[in-house]
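This is what each chain is made of:
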Amino acid sequence: MTARHLQPLLHDLVGVVLAPTSALGDPAGQIRPLGVQGVFHADTRVLSRAELRIDEREPETIGHAPVSADAARFVGLARWLGDPGPDPTVRLDRTRRLEPYGLIEEIRVVSTAAVPVRATVTLDLGCDLAPIERVKTGFSSPPLPAQALASDRLSWTAGGTTVTVTAEGAELDLAGDRADAPRLTWPVTLGPRETRTLRWRLAVTDPRAVVAYPPAEPTWSRPEVRADDRRLDRLLRRALDDLHALRLADPDAPDDVFLAAGVPWFLTLFGRDSLWAARMLLPLGTDLAAGTLRVLARRQGRHTDPATAEQPGKILHELRRGEVNLPANGLRLPPAYYGTVDATMLWVNLLHDAWRWGLPAEQVEPLLPHLEAALGWLGEHADADGDGLVEYLDTSGHGLSNQGWKDSGDAVRFRDGSLASGPIALAEVQGYAHEAAVNAAALLDAFGRPGADRWREWAGRLAARFRAAYWVDGPYGPQPALALDRDKRPVDSLTSNIGHLLGTGLLDADEQAQVARLLGTDAMSGAFGLRTMSTHDGGFSPLSYHCGSVWTHDTAIALTGLARAGFHEPALRLADGLLAAAEAFDYQLPELHGGDERDVLGRPVPYPAACRPQAWSAAAAVSLLHVAAGVYPDVPAGTVRVAPLAGPRFGGVSVARLRVADADVEVSVDNTGHATVSRLPAGLTVTPTAVPAQRTFAPQHVAG
């Protein structure tokens, strides 16, 4: 039988991150040479083993907890040492903390015994310098031989990367078989009730890394929140810690900071992920958006290259140090890969939204040539067959077959479960394109540049084309199809993609109301968040990556659109699902979780290979806070619309240090939904909400 190389599971591992470095180990604190355990730096596993023993026995683990996003503590016992009796008297507290370009671990051996304790503590190490894609596809790599630098210092070197471990007071053993599995040894003697602290440090030198540790602290605000639903504040605090640790910088322009996509697979620049995360964080300031926009603008496509999917004006999909080769999936991606259909429009929309939140004109203007280049791509390359819709097709034979956010090979399915063939024109991509055209027109007008009318007319034609081609009959009445396939047939499954259409301007009022009805059905919202596919569709599976699971960011995008349009009932249901999931995951929402009904376990079923932390999942906490407070500024127009989700069902919310036009703003919403906004900068006025405070509907149900 042919061996199957499976992606390692990581849902039960304990991770810490300080981008571009992360570490994953088991709940005992051990880093074993198994699966995805290890210390990673910029797409390379720089340590594959760190197993602690005392007197050749592993401590018995009794608990672990995060100290912060970049540190964790593990507690174990050595019950064979110390006083006889039922109570343990010798314990080991192991604290793992990342630092820029490395890691430091502290091991405290604590005795409460009345007798002296003598023991030998050892740490077995290993390093394979395996590329992240090899780890992800389940392949193992042999350990590399270590080199002794001193009696307590060793290193590994390959491919220009050097990893150094220093352990003060330890003895290094590299003899014989230990060359590939070096051992550090500390003899420990403790008197009654004494403690001994041991330390070792790992440092990485990696001149080929394409991302860097940011040189300064975050510039976004850290809001003070008082909420009747205390889960919101707990989720936000954990999320902001994770977002702090996920920051990366461009090595060539270190002041331009962006967010890495997630741990462990995507700790690098991802166009779509970084753009969405920055957009979600706009209520905390515009600096992250500006850095993200500039980093991607510098890498905007200039040529047409089928091998990289680059086209003039197109925004990058992902950046790696070398080619990503995944033979089991038929993928071979170049270091700079442009195989994304949506990042270019998302770049335009982030620029527009940052401007609305108060990004200064002197930062917007240098990006306008890149905006015009993005529009050039939208007008000249995004619609390859000239049918008036934006579609994608991998022409290289080794790129991503699906190039929307649901980019797995089986993500685009008909209602009967069969796969659609490309070129594919995704529904939400038409929404992004419509929004980008309208938003770009507003920017062109505001800055005195030509072309605005052309793009408004283009958006109008796209809306008419969408209305004619995408609406199909479904079990709950009319619904937008997921996509059109190569024969322009509607891919008629009911999916979460339609939630991304809200707020793009592509739908009229009645169509928005119908989408809200669809999202609020049990088939879509009966899990802990929004399912990616309806339970009534043939391709549904609660643990399918894109056909039935619940994605945190996807749910947040839909509930933001619902809340902003005034559809409070389905928005509240999704918000409650995310908050319940947050509580179950210790307030660190993963990339995705299972789409099972809520009563299967009473808590979400983990998706075992989900990234955690992950940028747009953590940023969803800011989206929740934003819709609860309901502040929607238009700084160039001098207005702020207030339409809170908080109120009778959500409870009251008070927020200090939301940031509008670089000013810290306070918002208070009471239990009736009445909002008070204070500390707005001069020139901004609050306007009455343009939508009803509450738009309700009666969800329709069908027999399952």
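Everything here concerns the structure above.
Quick summary incoming for the structure in this document.

Reading the values: rules and limits
- Residues numbered from 1 in each chain as written.
- Predicted model: local features only at pLDDT ≥ 70, side-chain atom pairs only at ≥ 80, totals over all residues.
- Heavy atoms only, no water.
- Helix = DSSP H or I, 4+ residues; strand = E, 2+ residues; numbered from the N terminus.
- Rg over C-alpha atoms; globule rule 2.2 N^0.38 Å.
- Buried < 20%, exposed > 50% of the residue type's maximum accessible area, 1.4 Å probe, protein only.
- Contact = heavy atoms within 4.5 Å.
- Areas by Shrake-Rupley, 256 points an atom, 1.4 Å probe, with all protein chains shown as cover.
- Lys, Arg positive; Asp, Glu negative; His and termini not counted.
- Charge placed at Lys NZ, Arg CZ, Asp CG, Glu CD.
- Pairing = 2+ DSSP bridges.
- Axes fitted to C-alpha atoms, helices over the stretch in contact; angles between N-to-C directions.
- Salt bridge = Lys/Arg side-chain N within 4 Å of Asp/Glu carboxyl O.
- Core = buried A, V, L, I, M, F, W, Y, C linked by side-chain atoms within 4.5 Å.
- Phe/Tyr/Trp six-rings, centres within 6.5 Å; stacked < 30°, edge-to-face > 60°.
- Lys NZ or Arg CZ within 6 Å of the ring centre and 35° of its normal.

What to know about the overall build of the protein
Step number 1: Across its full length, the protein carries 14 helices and 36 strands.
Step number 2: Over its C-alpha trace the protein gives a radius of gyration of 26 Å, about what one expects of a compact globule, namely 27 Å for 704 residues.
Step number 3: Classification of the 704 residues of the protein by burial places 60% in the buried group.
Step number 4: Of the contacts formed within the protein by residues at least 6 apart in sequence, a portion of 65% connects residues at least 24 apart.
Step number 5: Carbon and sulfur atoms provide 49% of the accessible area of the protein, an area that totals close to 25,900 Å².
Step number 6: Counting 68 positive and 85 negative side-chain charges, the protein places the averaged centre of each group 3 Å from the other.

Points about the side chain of Q588
Step number 1: For Q588, the location among the structural elements is in the loop between α13 (568-584) and β30 (592-593).
Step number 2: Q588 sits in the buried class, given a relative accessible area of 11%.
Step number 3: Sequence-distant contacts of Q588, defined by excluding residues within four places in its chain, comprise R238, D242, A582, R612 and P613.

Observations regarding the environment of L331
Step number 1: For L331, the location among the structural elements is in strand β22 (residues 331-333).
Step number 2: Classification of L331 as buried rests on a relative accessible area of 13%.

Considerations on the sheet that holds strand β17 (residues 224-227)
Step number 1: The 4 strands are arranged β17-β33-β34-β35 in an open sheet whose pairing can be described as antiparallel. Single-partner strands in this sheet number two, and they are β17 and β35 (675-678). Strand-to-strand twist of the sheet, defined as the mean angle between neighbouring strand axes without regard to direction, takes the value 25°.
Step number 2: Across 7 bridges, strand β33 (residues 653-660) lies against strand β34 (residues 663-669) in antiparallel orientation. Paired with V653 across the bridge in β34 is V669.
Step number 3: This element, helix α14 (residues 615-629), spans β17, β33 and β34 of the sheet and lies at about 105° to β33.

A word on the pattern of salt bridges
Step number 1: By the definition in use, this model includes 54 salt bridges.
Step number 2: Across the pair R222 and D241 runs a salt bridge, and its minimum N-O distance is 2.9 Å. Of this pair, R222 sits in the loop between β16 (195-205) and β17 while D241 sits in helix α2 (residues 230-245), placing them 19 residues apart in sequence.
Step number 3: Note that R449 is salt-bridged to E372, the shortest N-O span being 2.9 Å. Here R449, found in the loop between α8 (427-446) and α9 (452-469), pairs with E372, found in helix α7 (residues 368-380); they are 77 residues apart in sequence, far enough to count as distant.
Step number 4: On the accessibility criterion, E372 (29% relative accessible area) is partly exposed.
Step number 5: One network of salt bridges, in which partners are shared, links D26, R32, R49, E51, R53, E56, E58, D124, R178 and R183.

Here's the deal with the sheet that holds strand β2 (residues 21-25)
Step number 1: Across the sheet, which stays open at both edges, the 4 strands sit in the order β1-β2-β3-β4 with antiparallel pairing between neighbours. Lying at the two open borders of the sheet, with one neighbouring strand each, are β1 (14-18) and β4 (44-47). When strand polarity is set aside, the average angle formed by the axes of neighbouring strands in this sheet is 25°.
Step number 2: Two elements, β2 and strand β3 (residues 38-41), share 4 bridges in a ladder whose sense is antiparallel. Within β3, the position partnered with A23 by the bridge is V39.

Here we look at the nonpolar core
Step number 1: Of all hydrophobic cores here, the largest spans 179 residues; its most connected members are W347, L371, L378 and V412.
Step number 2: Per-element tally for this core: the top contributor is α14, with 12 residues.
Step number 3: With residues near it in sequence (within four places) discarded, V412 still touches Y392, N402, S418, L419, A420, I424, L426, L482, A483 and V491.

Here's the deal with the packing of aromatic side chains
Step number 1: Enumeration according to the criterion identifies 10 aromatic pairs in this entry.
Step number 2: Ring geometry for W405 and W616: centres 6.4 Å apart, planes at 90°, overall edge-to-face. With W405 in the loop between α7 and β24 (425-426) and W616 in helix α14, this pair connects stretches of sequence that are 211 residues apart.
Step number 3: A centroid spacing of 5.6 Å and a plane angle of 40° characterise the contact between Y545 and Y607, whose relative ring orientation is tilted. Here the residue Y545 occupies a position in the loop between α11 (522-525) and β29 (550-551), and Y607 occupies one in the loop between β30 and α14, the gap between them amounting to 62 residues.
Step number 4: Aromatic rings pair up to connect W405, Y545, W551, Y607 and W616 into one cluster.
Step number 5: Across from the ring centre of W265, 5.6 Å away, lies the NZ or CZ of K136, which sits over that ring.
Step number 6: In this structure, R598 packs its charged tip against the face of F528, placed 5.0 Å from the ring centre.

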